[in-house]
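Coordinate inspection notes
Each chain is listed here by its residues.
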Amino acid sequence: MWACRPDVCIPGKADHMRILILTNNDIGLYKFRRELLEALLREKHEVHIALPYGDYVPLMEKMGCVFHDTPFDRHGINPLAELKLIAKYRLLIKEIMPDVVLTYTIKPNIYGGMACAALDVPYVANVTGLGTAVENGGMMQRITISLYRFGLRKAQRVFFQNAENRDFMRVHHAIKGQNELLPGSGVNLAHFAVRDYPNGDTVDFVFVARIMREKGIDQYLDAAEAIRKKYPETRFHICGFCEQDYAGSLKRLHDDGTIIYHGAVTDMGPIYQMSSCTVHPTFYPEGMSNVLLESCASARPIITTDRAGCREIVEDGVNGFVVKQRDSADLIDKIEKFLALSWDERRQMGLAGRAKIEREFDRKIVVEKYMKVIENGL
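As the structure is a computational prediction, the values presented were derived from the model and not from experiment.

1. Regarding a nonpolar patch on the surface
A cluster of nonpolar side chains, contributed by Ile77, Met139, Met140 and Ile143, occupies part of the molecular surface with about 400 Å² of accessible area. Among the secondary structure elements, Met140 is positioned in helix α6 (residues 138-152). Owing to a relative accessible area of 37%, Met140 belongs among the partly exposed residues under this scheme.

2. Focus on the packing of aromatic side chains
For the coordinates displayed, the defined rule picks out 10 aromatic pairs. For the pair Phe205 and Phe236, a centre-to-centre distance of 5.1 Å together with 20° between the ring planes defines the contact as stacked. Here the residue Phe205 occupies a position in strand β8 (residues 203-208), and Phe236 occupies one in strand β9 (residues 234-239), the gap between them amounting to 31 residues. Comparing Phe205 with Phe236, the two get one shared label, buried. On the basis of an interplanar angle of 65° and a centroid distance of 5.6 Å, the ring pair of Tyr220 and Phe236 is categorised as edge-to-face. A residue pair is termed long-range when its members are at least 10 positions apart, and Tyr220 in helix α8 (residues 217-230) and Phe236 in strand β9 qualify at 16 residues. With respect to burial, Tyr220 and Phe236 carry one shared label: buried. One aromatic cluster is present, built from ring pairs that chain together Phe205, Phe207, Tyr220, Phe236 and Phe338.

3. Observations concerning helix α11 (residues 290-297)
Across the eight residues of α11, eight count as buried, placing the element largely inside the fold. One or two steps after α11, the chain reaches Ala299, where phi turns positive at roughly 70°.

4. Quick notes on the sheet that holds strand β13 (residues 320-323)
A sheet is described by the order of its strands in space; here six strands give the open sequence β10-β9-β8-β11-β12-β13, paired in parallel fashion. Edge positions in the open sheet fall to β10 (260-263) and β13, since each of these has one partner strand only. For this sheet, the mean angle separating the axes of adjacent strands, direction not counted, is 20°. Strand direction decides the pairing type here: strand β11 (residues 277-280) and strand β12 (residues 302-305), joined by three bridges, are parallel. Within β12, the position partnered with Thr278 by the bridge is Ile302.

5. Topic: the packing of α11 against helix α13 (residues 343-360)
In the contact formed by α11 and α13, the axes pass within 7 Å of each other and the chain directions differ by 115°. With respect to α13, the axis of α11 lies roughly perpendicular. The segment α11 lies against α13, with Leu293, Cys296 and Ala297 engaging Gly350, Gly353, Arg354 and Ile357. The residue makeup of the contact of α11 with α13, split by class, is four nonpolar, two polar and one charged.

6. Some points on the sheet that holds strand β1 (residues 18-22)
Taken in spatial order, the seven strands line up as β3-β2-β1-β4-β5-β6-β7 in an open sheet, and their pairing is parallel. At either margin of the open sheet sits one strand with a lone partner, and together these are β3 (66-69) and β7 (179-181). On average, each strand axis in the sheet is inclined to that of its neighbour by 20°, with strand direction left out of account. Across the sheet, helix α1 (residues 26-42) lies against β1, β2 (46-51) and β4 (100-104), angled at about 170° from β2, the strand it touches most. Of the strands in this sheet, β1, β4, β5 (123-127), β6 (157-160) and β7 are in contact with helix α14 (residues 363-376), which crosses β6 at around 175°.

What counts and how
- Per chain, residue numbering runs from 1 following the sequence as it is written.
- Where totals are concerned, whole chains, interfaces and linings use all residues; where local detail is concerned, this predicted model gives features only for residues with pLDDT of at least 70, and gives and counts side-chain atom pairs only at 80 or more.
- Excluding hydrogens and water, the side-chain figures rest on all heavy atoms present in the structure.
- Patch building starts from residues that exceed 30% relative accessible area and form no salt bridge, then joins like charges within 9 Å and nonpolar side chains (Val, Leu, Ile, Met, Phe, Trp, Tyr) within 5 Å.
- Surface accessibility follows the Shrake-Rupley procedure with a 1.4 Å probe radius. Residue values consider only the protein chains on display as shielding.
- A pairing counts as a salt bridge when a side-chain nitrogen of Lys or Arg comes within 4 Å of a carboxyl oxygen of Asp or Glu.
- Counting from the N terminus, the helices are the DSSP runs of H or I reaching at least four residues and the strands are the DSSP runs of E reaching at least two.
- Each residue is placed in one exposure class: buried if its accessible area under a 1.4 Å probe, protein chains only, is under 20% of its type's maximum, exposed if it is over 50%, and partly exposed if it falls in between.
- The rule is short: rings of Phe, Tyr and Trp, with Trp giving its six-membered ring, pair when the centres are within 6.5 Å, and they are stacked under 30 degrees, edge-to-face over 60, tilted in between.
- Think of it this way: DSSP has to see at least two bridges between two strands before they count as a pair.
- Whenever a helix is involved, its axis is fitted only over the stretch in contact; in every case the axis is a line through C-alpha atoms, and angles between N-to-C directions fall within 0 to 180 degrees.
- Any angle that is under 35 degrees is reported as roughly parallel, and any over 145 degrees as roughly antiparallel; angles of 65 to 115 degrees are reported as roughly perpendicular and all others as oblique.
- Contacts: residue pairs with any heavy atoms within 4.5 Å of one another.
- When residue character is reported, Ala, Val, Leu, Ile, Met, Phe, Trp, Tyr, Cys and Pro are called nonpolar, Asp, Glu, Lys and Arg charged, and the others, Gly included, polar.

Below, the structure written as structure tokens:
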């Protein structure tokens, strides 16, 4: 076990520690790692969180977390700004004096790892996806891999969300120490409970993601236009923040009835309740798709691509269908295949997805692995 700071230890409880978490946004930390925060706080650890301020920060402060505002540009590549972030992390670590640092997402993993390594502070990284810089190859890939090597070189443990990411980092010698697979961020099975399968007059498909090309929005829109003309009982819903220049297309297709655009949705419960199937035609370098995990946990069939972060969740013909990446024609074909199923066959697909999530992707698995690492100091 890591030795705890004298000012944190409670008499008779030498295992109470000060833990610092570095990540890039409040939404992901609260929605996907709230149960870990709760477990740490329940064990009387002092939990500090460093990230840009957002709407979910007060909720985490109310839980008992200590917030440190750490703004940075998630997508920026300005060298001066990156150096400032490293310096910010170093100052923060010196100020807090954590027993262990947990890092999530690319910049906190790399720059937070650099700061921890320089200050000889134990840290555990979680690679939630390699990012487009690595995915697209070229000079940016080589630079990013070099940064990963430097940032992860002294990590006590590196968690990966899919085997493809782990194997890539091994081949490129970006990791040296202990590493392990997690079932993504897992899913809270109580919060995303089984929902009765809809039996109305419409068949409702839903796309849930940031509205960007890499998430497959073009293929989904193509499918919506083609399918709606042939099957007027279908509905195509879109939920997500419009991150790229799709505002005009979404408005036009919403106004003519091709799609129903809901914007960014905070509570996905009602969406999963009315949906017949989640369509996720992504070719984005994901760690593990939380959208698919939540959909399956809600007992909804899925249609998604055969790529890391998705293929681990879908079983073709069992709990959904697999489509080729960037292939609108194949997506249209698979949607038609889904429409040819009976109501009960669709419902059984959803239940098969729920069973898979219960077996393999319960968030308790993730929390238990983190707690074991922290408690054993591995």
